[in-house]
Amino acid sequence: MTELHRKTVRQLLTDLDNKVFSSVELTRHYLDRIERLDPSLNSYITVLGASALAQAAAMDEARRKGNQPLLAGIPIAHKDIICTQGTKTTAGSRMLDNFIAPYSATLAERLDAAGVVTLGKTNMDEFAMGSSNENSYYGAVHNPWHTDHVPGGSSGGAAASMAAGLCAAATGTDTGGSIRQPAAFCGITGLKPTYGRVSRWGVIAYASSLDQAGPMARTAEDAALLLQAMAGFDARDATSIDQPVPDYMAQINRPVKGLKIGLCQEYFDPGLDPDIKAAVLDAAKTLESRGAIIKDISLPNSQHGIPAYYIIAPAECSANLSRYDGVRFGYRCADPQSIEDLYKRSRSEGLGREVKSRIMVGAFALSSGYYEAYYRKAQQIRRLISQDFANAFTQVDYILGPTTPSPAFKLGEKAGDQVAMYLQDIYTIAVNLAGLPAISVPAGFTKGLPIGMQLIGRHLDEGGLLNVAHQYQLVTDWHNRSPNFGNQQDS
Ligand code: GLN
(Lines give C-alpha, C1' and ligand atoms only; values in the text may rest on other atoms or scores of the structure.)
Protein backbone atom coordinates (compact mmCIF):
# COMPACT_ATOMS: atom_id res chain seq x y z
CA MET A 1 0.00 0.00 0.00
CA THR A 2 1.25 3.48 -0.83
CA GLU A 3 2.38 5.35 2.25
CA LEU A 4 0.01 8.14 3.19
CA HIS A 5 2.45 10.92 2.35
CA ARG A 6 3.18 9.43 -1.09
CA LYS A 7 -0.42 9.43 -2.20
CA THR A 8 -1.63 11.95 -4.72
CA VAL A 9 -4.31 14.48 -3.87
CA ARG A 10 -6.62 12.51 -6.14
CA GLN A 11 -6.01 9.29 -4.16
CA LEU A 12 -6.29 11.10 -0.82
CA LEU A 13 -9.67 12.53 -1.80
CA THR A 14 -10.92 9.06 -2.66
CA ASP A 15 -9.61 7.63 0.61
CA LEU A 16 -11.12 10.49 2.60
CA ASP A 17 -14.46 9.96 0.86
CA ASN A 18 -14.26 6.23 1.60
CA LYS A 19 -13.39 6.93 5.24
CA VAL A 20 -10.10 5.00 5.02
CA PHE A 21 -8.77 7.78 7.27
CA SER A 22 -9.94 11.20 8.36
CA SER A 23 -8.45 14.55 7.46
CA VAL A 24 -7.47 14.98 11.12
CA GLU A 25 -5.48 11.71 10.93
CA LEU A 26 -3.93 12.73 7.64
CA THR A 27 -3.04 16.17 8.95
CA ARG A 28 -1.49 14.67 12.10
CA HIS A 29 0.57 12.37 9.90
CA TYR A 30 1.97 15.34 7.98
CA LEU A 31 2.54 17.45 11.10
CA ASP A 32 4.45 14.54 12.69
CA ARG A 33 6.61 14.18 9.62
CA ILE A 34 7.32 17.90 9.52
CA GLU A 35 8.34 17.86 13.17
CA ARG A 36 10.62 14.85 12.71
CA LEU A 37 12.08 15.49 9.30
CA ASP A 38 12.01 19.18 8.55
CA PRO A 39 14.89 20.11 10.88
CA SER A 40 17.24 18.52 8.32
CA LEU A 41 15.50 20.15 5.32
CA ASN A 42 14.41 23.60 6.57
CA SER A 43 11.56 23.68 4.08
CA TYR A 44 9.07 25.42 6.40
CA ILE A 45 9.37 28.88 7.93
CA THR A 46 6.12 28.58 9.89
CA VAL A 47 4.15 25.45 10.82
CA LEU A 48 0.49 25.95 11.69
CA GLY A 49 -0.32 22.90 13.80
CA ALA A 50 -3.41 24.02 15.74
CA SER A 51 -5.20 25.84 12.93
CA ALA A 52 -4.43 22.99 10.51
CA LEU A 53 -6.06 20.46 12.84
CA ALA A 54 -9.06 22.74 13.28
CA GLN A 55 -9.46 23.08 9.51
CA ALA A 56 -9.12 19.30 9.17
CA ALA A 57 -11.79 18.68 11.81
CA ALA A 58 -14.13 21.12 10.05
CA MET A 59 -13.62 19.29 6.75
CA ASP A 60 -14.22 15.90 8.37
CA GLU A 61 -17.48 17.34 9.63
CA ALA A 62 -18.39 18.73 6.19
CA ARG A 63 -17.70 15.31 4.70
CA ARG A 64 -19.92 13.62 7.26
CA LYS A 65 -22.70 15.97 6.21
CA GLY A 66 -21.95 15.28 2.55
CA ASN A 67 -21.25 18.90 1.62
CA GLN A 68 -17.48 18.80 1.22
CA PRO A 69 -15.87 21.19 -1.26
CA LEU A 70 -13.43 20.17 -4.02
CA LEU A 71 -10.25 19.77 -1.95
CA ALA A 72 -11.82 19.08 1.43
CA GLY A 73 -9.26 18.07 4.03
CA ILE A 74 -6.16 18.06 1.76
CA PRO A 75 -3.05 19.28 3.63
CA ILE A 76 -1.10 21.82 1.60
CA ALA A 77 1.57 24.45 2.24
CA HIS A 78 1.78 28.02 0.98
CA LYS A 79 4.95 29.69 -0.17
CA ASP A 80 5.69 32.36 2.41
CA ILE A 81 5.15 35.15 -0.12
CA ILE A 82 1.40 34.48 -0.09
CA CYS A 83 -0.43 36.46 2.58
CA THR A 84 -2.43 34.34 4.99
CA GLN A 85 -4.53 36.26 7.46
CA GLY A 86 -3.27 36.32 11.03
CA THR A 87 -0.09 34.41 10.14
CA LYS A 88 3.49 35.52 9.78
CA THR A 89 4.23 36.10 6.08
CA THR A 90 7.90 36.89 5.54
CA ALA A 91 8.76 36.54 1.84
CA GLY A 92 11.97 34.98 3.20
CA SER A 93 13.16 38.38 4.40
CA ARG A 94 14.28 39.83 7.70
CA MET A 95 12.35 42.90 6.56
CA LEU A 96 9.07 41.03 7.10
CA ASP A 97 10.15 38.79 9.96
CA ASN A 98 7.61 40.53 12.20
CA PHE A 99 4.84 40.89 9.60
CA ILE A 100 1.50 39.29 10.39
CA ALA A 101 -0.64 39.47 7.27
CA PRO A 102 -3.89 41.33 8.00
CA TYR A 103 -5.68 39.57 5.13
CA SER A 104 -5.34 36.51 2.93
CA ALA A 105 -4.36 36.52 -0.72
CA THR A 106 -7.24 35.79 -3.08
CA LEU A 107 -5.66 32.49 -4.06
CA ALA A 108 -5.35 31.46 -0.40
CA GLU A 109 -8.99 32.46 0.22
CA ARG A 110 -10.04 30.37 -2.77
CA LEU A 111 -8.07 27.36 -1.63
CA ASP A 112 -9.56 27.77 1.84
CA ALA A 113 -13.02 27.85 0.32
CA ALA A 114 -12.09 24.64 -1.54
CA GLY A 115 -11.43 23.06 1.85
CA VAL A 116 -7.65 22.73 2.04
CA VAL A 117 -5.81 22.35 5.33
CA THR A 118 -2.90 24.79 5.57
CA LEU A 119 0.05 23.06 7.21
CA GLY A 120 2.31 26.08 7.08
CA LYS A 121 4.37 28.52 5.09
CA THR A 122 7.36 27.37 3.08
CA ASN A 123 10.86 28.73 2.86
CA MET A 124 11.96 30.71 -0.19
CA ASP A 125 14.61 33.02 -1.57
CA GLU A 126 14.17 36.51 -0.20
CA PHE A 127 11.38 38.28 -2.10
CA ALA A 128 11.53 35.39 -4.62
CA MET A 129 14.94 36.49 -5.90
CA GLY A 130 17.09 33.45 -6.47
CA SER A 131 17.41 29.99 -7.95
CA SER A 132 18.73 27.96 -5.03
CA ASN A 133 16.86 29.04 -1.91
CA GLU A 134 20.20 30.14 -0.48
CA ASN A 135 19.06 33.78 -0.33
CA SER A 136 16.58 33.19 2.49
CA TYR A 137 16.92 35.03 5.80
CA TYR A 138 15.77 31.73 7.34
CA GLY A 139 18.64 29.75 5.89
CA ALA A 140 19.09 27.44 2.93
CA VAL A 141 16.75 24.54 2.16
CA HIS A 142 18.15 21.09 1.41
CA ASN A 143 17.11 18.90 -1.49
CA PRO A 144 15.61 15.64 -0.15
CA TRP A 145 17.15 13.70 -3.05
CA HIS A 146 20.62 14.72 -1.93
CA THR A 147 20.74 16.87 1.15
CA ASP A 148 24.01 18.55 0.17
CA HIS A 149 22.29 19.86 -2.99
CA VAL A 150 19.97 22.83 -3.39
CA PRO A 151 16.24 22.32 -4.01
CA GLY A 152 16.18 25.17 -6.54
CA GLY A 153 14.45 28.46 -6.00
CA SER A 154 12.81 30.63 -5.28
CA SER A 155 9.99 28.21 -4.31
CA GLY A 156 12.60 25.82 -2.89
CA GLY A 157 10.80 25.13 0.38
CA ALA A 158 7.62 24.20 -1.47
CA ALA A 159 9.42 21.79 -3.82
CA ALA A 160 11.52 20.21 -1.07
CA SER A 161 8.56 19.72 1.25
CA MET A 162 6.58 18.13 -1.58
CA ALA A 163 9.37 15.75 -2.54
CA ALA A 164 10.00 14.78 1.09
CA GLY A 165 6.35 14.03 1.73
CA LEU A 166 5.83 16.95 4.11
CA CYS A 167 2.68 18.19 2.35
CA ALA A 168 0.31 16.78 -0.27
CA ALA A 169 0.53 19.80 -2.56
CA ALA A 170 1.87 23.32 -2.42
CA THR A 171 1.60 26.78 -3.88
CA GLY A 172 4.49 28.63 -5.44
CA THR A 173 5.16 31.75 -7.44
CA ASP A 174 7.10 32.06 -10.66
CA THR A 175 8.58 35.32 -11.95
CA GLY A 176 11.31 33.80 -14.10
CA GLY A 177 11.20 30.09 -13.27
CA SER A 178 10.60 29.83 -9.53
CA ILE A 179 7.91 27.16 -9.74
CA ARG A 180 9.37 25.17 -12.62
CA GLN A 181 13.07 25.10 -11.72
CA PRO A 182 12.60 23.85 -8.12
CA ALA A 183 9.95 21.41 -9.38
CA ALA A 184 12.56 20.03 -11.81
CA PHE A 185 15.26 19.85 -9.11
CA CYS A 186 12.99 18.02 -6.68
CA GLY A 187 11.19 15.66 -9.09
CA ILE A 188 7.70 17.11 -8.82
CA THR A 189 5.20 18.73 -11.20
CA GLY A 190 4.95 22.54 -11.21
CA LEU A 191 2.70 24.75 -13.30
CA LYS A 192 3.20 28.43 -13.99
CA PRO A 193 -0.15 29.64 -15.32
CA THR A 194 -0.75 32.36 -17.90
CA TYR A 195 -0.01 35.81 -16.50
CA GLY A 196 -3.28 36.99 -14.95
CA ARG A 197 -4.91 33.55 -14.63
CA VAL A 198 -4.35 33.41 -10.86
CA SER A 199 -4.90 36.60 -8.89
CA ARG A 200 -1.80 38.35 -7.56
CA TRP A 201 -3.80 40.15 -4.89
CA GLY A 202 -2.15 39.43 -1.55
CA VAL A 203 0.93 37.89 -3.16
CA ILE A 204 3.88 40.02 -2.08
CA ALA A 205 5.14 41.72 -5.23
CA TYR A 206 8.56 41.15 -6.73
CA ALA A 207 8.22 42.07 -10.43
CA SER A 208 4.56 42.75 -11.05
CA SER A 209 4.47 42.28 -14.82
CA LEU A 210 6.03 38.81 -14.48
CA ASP A 211 4.84 37.38 -11.14
CA GLN A 212 2.36 34.53 -11.29
CA ALA A 213 1.32 31.98 -8.67
CA GLY A 214 0.63 28.36 -9.45
CA PRO A 215 0.36 24.82 -8.10
CA MET A 216 3.19 22.42 -7.21
CA ALA A 217 2.09 18.82 -6.92
CA ARG A 218 3.04 15.20 -7.45
CA THR A 219 1.14 14.85 -10.69
CA ALA A 220 -0.41 16.93 -13.44
CA GLU A 221 -3.79 15.66 -12.31
CA ASP A 222 -3.20 17.08 -8.83
CA ALA A 223 -1.98 20.35 -10.32
CA ALA A 224 -5.25 20.49 -12.29
CA LEU A 225 -7.26 20.06 -9.09
CA LEU A 226 -5.36 22.84 -7.36
CA LEU A 227 -5.48 25.21 -10.30
CA GLN A 228 -9.22 24.66 -10.51
CA ALA A 229 -9.52 26.20 -7.07
CA MET A 230 -6.89 28.94 -7.51
CA ALA A 231 -7.69 30.34 -10.95
CA GLY A 232 -10.22 32.94 -11.96
CA PHE A 233 -11.01 36.60 -12.28
CA ASP A 234 -10.44 38.87 -9.30
CA ALA A 235 -11.54 42.49 -9.41
CA ARG A 236 -8.87 43.32 -6.81
CA ASP A 237 -6.07 42.52 -9.28
CA ALA A 238 -6.07 44.94 -12.21
CA THR A 239 -4.17 42.43 -14.37
CA SER A 240 -6.47 39.51 -13.63
CA ILE A 241 -7.93 37.89 -16.75
CA ASP A 242 -11.71 38.01 -16.96
CA GLN A 243 -12.29 34.66 -18.66
CA PRO A 244 -14.16 31.63 -17.38
CA VAL A 245 -12.10 28.88 -15.77
CA PRO A 246 -12.50 25.64 -17.72
CA ASP A 247 -13.00 22.25 -16.11
CA TYR A 248 -9.36 21.16 -16.05
CA MET A 249 -10.11 17.64 -14.87
CA ALA A 250 -12.29 17.15 -17.93
CA GLN A 251 -9.55 18.49 -20.21
CA ILE A 252 -6.73 16.21 -19.11
CA ASN A 253 -8.20 13.02 -20.53
CA ARG A 254 -7.93 13.89 -24.19
CA PRO A 255 -5.55 11.80 -26.32
CA VAL A 256 -2.37 13.53 -27.50
CA LYS A 257 -2.82 12.04 -30.96
CA GLY A 258 -2.43 14.69 -33.63
CA LEU A 259 -1.09 17.38 -31.29
CA LYS A 260 1.89 19.22 -32.74
CA ILE A 261 4.78 19.53 -30.34
CA GLY A 262 7.78 21.70 -31.17
CA LEU A 263 11.36 21.08 -30.13
CA CYS A 264 13.09 24.42 -29.92
CA GLN A 265 16.51 24.01 -31.51
CA GLU A 266 18.05 26.86 -29.49
CA TYR A 267 17.31 24.96 -26.26
CA PHE A 268 19.58 22.06 -27.17
CA ASP A 269 22.76 24.08 -26.94
CA PRO A 270 26.15 22.95 -25.62
CA GLY A 271 25.26 24.40 -22.20
CA LEU A 272 22.65 21.68 -21.70
CA ASP A 273 23.56 18.64 -19.59
CA PRO A 274 23.70 15.63 -21.96
CA ASP A 275 21.55 13.44 -19.67
CA ILE A 276 18.85 16.13 -19.57
CA LYS A 277 19.00 16.45 -23.35
CA ALA A 278 18.61 12.67 -23.71
CA ALA A 279 15.69 12.62 -21.25
CA VAL A 280 13.82 15.36 -23.09
CA LEU A 281 14.36 13.71 -26.49
CA ASP A 282 13.18 10.47 -24.95
CA ALA A 283 10.02 12.17 -23.70
CA ALA A 284 9.46 13.52 -27.22
CA LYS A 285 9.65 9.92 -28.49
CA THR A 286 7.17 8.79 -25.85
CA LEU A 287 4.71 11.49 -26.90
CA GLU A 288 5.31 10.65 -30.55
CA SER A 289 4.51 7.00 -29.85
CA ARG A 290 1.15 8.21 -28.49
CA GLY A 291 0.45 9.96 -31.77
CA ALA A 292 1.84 13.45 -31.19
CA ILE A 293 3.63 15.06 -34.13
CA ILE A 294 7.11 16.29 -33.23
CA LYS A 295 8.49 19.23 -35.21
CA ASP A 296 11.59 21.38 -34.97
CA ILE A 297 10.97 25.03 -34.29
CA SER A 298 13.11 28.06 -33.62
CA LEU A 299 12.89 30.82 -31.02
CA PRO A 300 15.68 33.01 -32.39
CA ASN A 301 15.63 35.63 -29.64
CA SER A 302 15.61 33.20 -26.73
CA GLN A 303 19.22 33.96 -25.75
CA HIS A 304 18.23 37.56 -25.02
CA GLY A 305 15.71 36.53 -22.37
CA ILE A 306 18.07 36.59 -19.39
CA PRO A 307 19.60 40.02 -20.08
CA ALA A 308 16.14 41.52 -20.69
CA TYR A 309 14.72 39.93 -17.55
CA TYR A 310 17.61 41.19 -15.41
CA ILE A 311 16.74 44.75 -16.38
CA ILE A 312 12.93 44.51 -16.23
CA ALA A 313 12.63 42.47 -13.01
CA PRO A 314 15.08 44.63 -11.02
CA ALA A 315 13.43 47.79 -12.37
CA GLU A 316 10.04 46.60 -11.11
CA CYS A 317 11.46 45.33 -7.84
CA SER A 318 13.15 48.66 -7.14
CA ALA A 319 9.70 50.25 -7.27
CA ASN A 320 7.85 47.46 -5.44
CA LEU A 321 10.33 47.22 -2.59
CA SER A 322 10.48 50.96 -1.97
CA ARG A 323 7.53 50.47 0.41
CA TYR A 324 9.82 48.76 2.94
CA ASP A 325 11.08 51.94 4.54
CA GLY A 326 10.93 51.09 8.23
CA VAL A 327 7.98 53.44 8.76
CA ARG A 328 4.69 51.78 7.96
CA PHE A 329 5.44 48.13 8.57
CA GLY A 330 8.30 45.69 8.52
CA TYR A 331 11.72 45.88 10.09
CA ARG A 332 12.85 49.13 11.74
CA CYS A 333 16.42 49.75 12.87
CA ALA A 334 17.17 50.53 16.52
CA ASP A 335 17.63 54.14 17.66
CA PRO A 336 17.28 56.03 14.40
CA GLN A 337 19.03 59.39 14.58
CA SER A 338 17.05 61.04 11.77
CA ILE A 339 14.48 60.11 9.17
CA GLU A 340 17.25 59.51 6.66
CA ASP A 341 19.12 57.31 9.12
CA LEU A 342 15.89 55.40 9.72
CA TYR A 343 15.37 54.69 6.02
CA LYS A 344 18.98 53.86 5.38
CA ARG A 345 19.62 51.54 8.27
CA SER A 346 16.21 49.85 8.19
CA ARG A 347 16.74 48.96 4.55
CA SER A 348 20.43 48.09 4.94
CA GLU A 349 19.75 45.81 7.88
CA GLY A 350 16.38 44.45 6.79
CA LEU A 351 17.23 43.43 3.22
CA GLY A 352 19.74 40.85 2.03
CA ARG A 353 22.58 41.24 -0.42
CA GLU A 354 20.91 39.91 -3.57
CA VAL A 355 17.81 42.02 -3.00
CA LYS A 356 19.88 45.17 -2.48
CA SER A 357 21.93 44.43 -5.57
CA ARG A 358 18.75 44.17 -7.65
CA ILE A 359 17.23 47.34 -6.21
CA MET A 360 20.39 49.19 -7.20
CA VAL A 361 20.45 47.71 -10.71
CA GLY A 362 16.77 48.52 -11.15
CA ALA A 363 17.05 52.09 -9.91
CA PHE A 364 20.03 52.59 -12.21
CA ALA A 365 18.24 51.17 -15.26
CA LEU A 366 15.28 53.46 -14.66
CA SER A 367 17.29 56.60 -14.04
CA SER A 368 17.26 59.36 -16.61
CA GLY A 369 19.94 58.95 -19.24
CA TYR A 370 20.00 55.15 -18.77
CA TYR A 371 16.32 54.44 -19.21
CA GLU A 372 16.54 54.54 -23.00
CA ALA A 373 19.69 52.44 -23.16
CA TYR A 374 18.55 49.72 -20.78
CA TYR A 375 14.90 49.68 -19.79
CA ARG A 376 13.46 50.60 -23.17
CA LYS A 377 15.80 48.16 -24.92
CA ALA A 378 14.78 45.37 -22.55
CA GLN A 379 11.12 46.08 -23.29
CA GLN A 380 11.85 45.89 -27.01
CA ILE A 381 13.50 42.50 -26.53
CA ARG A 382 10.48 41.42 -24.52
CA ARG A 383 8.30 42.20 -27.51
CA LEU A 384 10.58 40.22 -29.86
CA ILE A 385 10.48 37.23 -27.52
CA SER A 386 6.66 37.32 -27.44
CA GLN A 387 6.68 37.52 -31.22
CA ASP A 388 8.94 34.45 -31.44
CA PHE A 389 6.45 32.45 -29.39
CA ALA A 390 3.51 33.76 -31.41
CA ASN A 391 5.26 32.61 -34.59
CA ALA A 392 6.08 29.21 -33.11
CA PHE A 393 2.47 28.72 -32.04
CA THR A 394 1.31 29.11 -35.64
CA GLN A 395 3.26 25.89 -36.35
CA VAL A 396 2.85 23.85 -33.17
CA ASP A 397 0.48 23.51 -30.21
CA TYR A 398 3.14 23.06 -27.50
CA ILE A 399 6.85 23.58 -27.12
CA LEU A 400 8.85 20.88 -25.36
CA GLY A 401 12.29 21.40 -23.87
CA PRO A 402 14.36 21.08 -20.74
CA THR A 403 13.34 23.00 -17.61
CA THR A 404 16.91 23.59 -16.45
CA PRO A 405 20.37 23.33 -18.03
CA SER A 406 21.66 21.08 -15.21
CA PRO A 407 20.29 19.02 -12.34
CA ALA A 408 20.34 20.36 -8.76
CA PHE A 409 23.78 21.71 -7.90
CA LYS A 410 25.55 21.60 -4.56
CA LEU A 411 24.81 24.08 -1.80
CA GLY A 412 27.33 26.91 -2.11
CA GLU A 413 28.47 25.83 -5.56
CA LYS A 414 27.16 28.88 -7.38
CA ALA A 415 26.77 31.21 -4.42
CA GLY A 416 29.68 33.43 -5.43
CA ASP A 417 28.77 33.59 -9.11
CA GLN A 418 25.70 35.70 -9.82
CA VAL A 419 25.79 35.08 -13.57
CA ALA A 420 26.04 31.29 -13.21
CA MET A 421 23.03 31.48 -10.89
CA TYR A 422 21.10 33.67 -13.34
CA LEU A 423 21.73 31.16 -16.15
CA GLN A 424 19.64 28.61 -14.24
CA ASP A 425 16.57 30.22 -15.75
CA ILE A 426 17.74 30.20 -19.34
CA TYR A 427 14.84 27.99 -20.50
CA THR A 428 12.15 29.35 -18.21
CA ILE A 429 12.51 33.14 -18.18
CA ALA A 430 11.27 33.88 -21.71
CA VAL A 431 7.94 32.26 -20.80
CA ASN A 432 7.36 34.91 -18.11
CA LEU A 433 8.40 37.72 -20.44
CA ALA A 434 5.72 36.49 -22.86
CA GLY A 435 3.14 35.83 -20.11
CA LEU A 436 2.62 32.23 -21.29
CA PRO A 437 1.72 29.15 -19.26
CA ALA A 438 4.31 26.37 -18.83
CA ILE A 439 4.67 23.21 -16.80
CA SER A 440 7.68 21.26 -15.53
CA VAL A 441 7.20 17.51 -15.41
CA PRO A 442 9.56 14.81 -14.02
CA ALA A 443 11.26 13.13 -17.00
CA GLY A 444 14.18 11.10 -15.67
CA PHE A 445 17.19 11.04 -13.39
CA THR A 446 20.87 11.75 -13.62
CA LYS A 447 23.27 10.65 -10.89
CA GLY A 448 20.39 10.16 -8.50
CA LEU A 449 18.92 13.62 -9.11
CA PRO A 450 15.62 14.35 -10.86
CA ILE A 451 15.35 15.80 -14.37
CA GLY A 452 12.48 18.08 -15.38
CA MET A 453 11.12 18.73 -18.84
CA GLN A 454 9.17 21.85 -19.69
CA LEU A 455 6.09 22.17 -21.86
CA ILE A 456 5.05 25.67 -22.93
CA GLY A 457 1.57 26.44 -24.25
CA ARG A 458 -0.52 29.22 -25.71
CA HIS A 459 -2.10 31.85 -23.48
CA LEU A 460 -4.79 30.32 -21.25
CA ASP A 461 -4.10 26.78 -22.43
CA GLU A 462 -3.31 25.45 -18.96
CA GLY A 463 -5.81 22.68 -19.63
CA GLY A 464 -3.86 21.58 -22.69
CA LEU A 465 -0.53 21.60 -20.85
CA LEU A 466 -2.01 19.60 -17.99
CA ASN A 467 -3.49 17.23 -20.55
CA VAL A 468 -0.18 16.52 -22.31
CA ALA A 469 1.60 16.21 -18.95
CA HIS A 470 -1.08 13.87 -17.59
CA GLN A 471 -1.03 11.67 -20.70
CA TYR A 472 2.77 11.49 -20.38
CA GLN A 473 2.45 10.55 -16.70
CA LEU A 474 0.00 7.78 -17.56
CA VAL A 475 2.77 5.99 -19.48
CA THR A 476 5.83 6.94 -17.40
CA ASP A 477 6.60 6.62 -13.72
CA TRP A 478 9.26 9.29 -13.05
CA HIS A 479 6.71 11.25 -11.03
CA ASN A 480 6.10 8.24 -8.75
CA ARG A 481 9.71 7.95 -7.61
CA SER A 482 10.50 9.26 -4.21
CA PRO A 483 13.76 10.04 -2.43
CA ASN A 484 15.11 7.80 0.32
CA PHE A 485 15.09 10.82 2.59
CA GLY A 486 13.27 10.09 5.81
CA ASN A 487 13.02 6.34 5.23
CA GLN A 488 15.34 5.38 8.09
CA GLN A 489 13.34 7.55 10.44
CA ASP A 490 10.13 5.96 9.15
CA SER A 491 11.05 2.36 9.88
N1 GLN B 1 15.67 32.90 -10.49
C2 GLN B 1 14.99 34.05 -11.00
C3 GLN B 1 15.34 35.26 -10.18
O4 GLN B 1 16.15 35.14 -9.31
C5 GLN B 1 13.51 33.82 -11.02
C6 GLN B 1 12.92 33.93 -9.68
C7 GLN B 1 11.43 33.79 -9.68
O8 GLN B 1 10.84 33.21 -10.59
N9 GLN B 1 10.81 34.34 -8.66
O10 GLN B 1 14.83 36.33 -10.38
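Predicted model, so just to flag it, every value in this text is computed and none were measured.

(A) Inspection of the overall build of the chain at higher detail. A count of helices and strands for the chain gives 17 helices and 11 strands. Taken over C-alpha atoms, the radius of gyration comes to 21 Å for the chain, in line with the 23 Å a tight globule of 491 residues would show. The principal-axis extents of the C-alpha atoms in the chain amount to approximately 65 × 55 × 45 Å. Counting across all 491 residues of the chain, residues that qualify as buried make up 62%. Counting contacts in the chain only where the partners sit at least 6 residues apart, residues at least 24 apart contribute 76% of the total.

(B) Spotlight on the side chain of T106. Along the chain, the position of T106 falls in helix α4 (residues 106-113). The class for T106 is buried, based on a relative accessible area of 3%. Within the structure, T106 has its side chain in polar contact with the side chain of D234 (distance 2.6 Å). Within the structure, T106 has its side chain in polar contact with the side chain of R236 (distance 2.9 Å).

(C) A look at the site of the ligand. Close to the ligand lie 15 residues; G176, S178, Y309, R358 and D425 are nearest. Take S131: an N or O atom from its side chain is 2.8 Å from a nitrogen atom of the ligand. Within the contact set of the ligand, an oxygen atom lies 2.9 Å away from a side-chain nitrogen or oxygen of Y206. Contact with the protein chains hides 100% of the accessible area of the ligand, taken as 290 Å² for the molecule alone. In this structure the site holding the ligand corresponds to the largest cavity. Class assignment of the residues belonging to the shell around the ligand gives a composition of five nonpolar, seven polar and three charged.

(D) Region of the structure containing the packing of aromatic side chains. Enumeration according to the criterion identifies 16 aromatic pairs in this entry. Here F127 and Y324 contribute two aromatic rings whose centre-to-centre distance is 5.0 Å and whose plane-to-plane angle is 40°, an arrangement assigned as tilted. Of this pair, F127 sits in the loop between β3 (117-122) and α5 (156-163) while Y324 sits in the loop between α10 (305-320) and α11 (339-350); the two residues are 197 residues apart in sequence, bridging distant segments of the chain. Take F127 and Y324: they sit in the same class, and that class is buried. Centroid distance Y371 to Y375: 5.2 Å. Interplanar angle 40°. Geometry classified as tilted.

(E) Here's a closer look at the environment of P102. Relative to the helices and strands, P102 is located in the loop between β2 (75-79) and α4. Along the chain, P102 and G86 lie 16 residues apart, while their C-alpha atoms are 5.9 Å from each other.

(F) Expanded view of empty space enclosed by the protein. Taken as a whole and assessed by the stated rule, the structure comprises one cavity of 30 Å³ or more. By volume, the largest cavity is sized at about 80 Å³. Lining the largest cavity, in full, are A128, G130, S131, T175, G176, G177, S178, Y206, Y309, Y310, R358 and D425. Partitioned by chemical class, the residues of the lining of the largest cavity number four nonpolar, six polar and two charged.

(G) Just the environment of N133, in detail. In this fold, N133 is placed in the loop between β3 and α5. Taking the C-alpha atoms as reference points, N133 and S155, 22 residues apart in sequence, are found 7.3 Å from one another. Polar side-chain contacts of N133 include one of 3.1 Å to the backbone nitrogen of G156. At 3.1 Å, the side chain of N133 and the backbone nitrogen of G157 are in polar contact.

(H) The nonpolar core, seen in detail. Counting residues in hydrophobic clusters, the biggest one holds 150 residues, and the most contacted among them are L71, F127, F389, I399 and L466. For this core, the element with the highest residue contribution is α10, accounting for nine residues. In this view, L466 contacts L191, A220, A223, A224, L227, Y248, I252 and I439; residues no more than four positions away in its chain are not counted.

Parameters and conventions
- Residues numbered from 1 in each chain as written.
- Predicted model: local features only at pLDDT ≥ 70, side-chain atom pairs only at ≥ 80, totals over all residues.
- Heavy atoms only, no water.
- Helix = DSSP H or I, 4+ residues; strand = E, 2+ residues; numbered from the N terminus.
- Rg over C-alpha atoms; globule rule 2.2 N^0.38 Å.
- Buried < 20%, exposed > 50% of the residue type's maximum accessible area, 1.4 Å probe, protein only.
- Contact = heavy atoms within 4.5 Å.
- Polar contact = N/O pair within 3.5 Å; in protein donor to acceptor, adjacent residues only side chain to side chain.
- Near = heavy atom within 4 Å.
- Areas by Shrake-Rupley, 256 points an atom, 1.4 Å probe, with all protein chains shown as cover.
- 1 Å grid on protein atoms, 1.4 Å probe; cavity = no way out; pocket = protein on both sides within 12 Å on 5 of 7 lines; lining within 4 Å.
- Sits in = over half its atoms within 2 Å of the grid points.
- Nonpolar A, V, L, I, M, F, W, Y, C, P; charged D, E, K, R; others polar.
- Phe/Tyr/Trp six-rings, centres within 6.5 Å; stacked < 30°, edge-to-face > 60°.
- Points joined across faces, edges and corners; volume = space filled by probe spheres on them.
- Core = buried A, V, L, I, M, F, W, Y, C linked by side-chain atoms within 4.5 Å.

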